[in-house]
Amino acid sequence: MSNIPFVCKKCGSTTFKVASKPKSLDDIDGAVCEKCGTKMTKKEIESQARNIALDALKKAGLKVK
Ligand SMILES: [Zn+2]
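None of the values given here were measured: they were computed from a predicted structure.

(A) Main features of helix α2 (residues 42-59). The end-to-end C-alpha distance of α2, which contains 18 residues, comes to 25 Å, matching closely the 26 Å that a straight helix rising 1.5 Å per residue would cover. The buried fraction of α2 is low, at one of 18 residues. Within two residues after α2, G61 carries a phi angle of roughly 95°, on the positive side.

(B) Structural context of the environment of K39. Its location among the elements puts K39 in the loop between β2 (32-33) and α2. In the structure, K39 is positioned ten residues away from D29 in sequence and 8.7 Å away in space, judged by C-alpha atoms. When sequence neighbours within four positions are dropped, the list of residues in contact with K39 reads G30 and V32.

Here is what the cut-offs are and how they apply
- Residues numbered from 1 in each chain as written.
- Predicted model: local features only at pLDDT ≥ 70, side-chain atom pairs only at ≥ 80, totals over all residues.
- Helix = DSSP H or I, 4+ residues; strand = E, 2+ residues; numbered from the N terminus.
- Expected span 1.5 Å × (residues − 1).
- Buried ≥ 20, exposed ≤ 12 C-beta atoms within 10 Å, placed from the backbone.
- Contact = placed C-beta atoms within 7 Å.

Written out as structure tokens, the structure is:
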């Protein structure tokens, strides 16, 4: 899995192992970093997803607090 736009909090890797093909955040819950084995919690994934979404909105020219 290299198409998940999340970063490992420990080693910075963006490659994670997930149980199945992720279709929602619930499926990504418990994803494990392929490099160091750190487990991502849903909470961490959600907060990163929020930041990514905010960045996308800012790049689109929207003002986001
Ligand atoms: Zn890692």
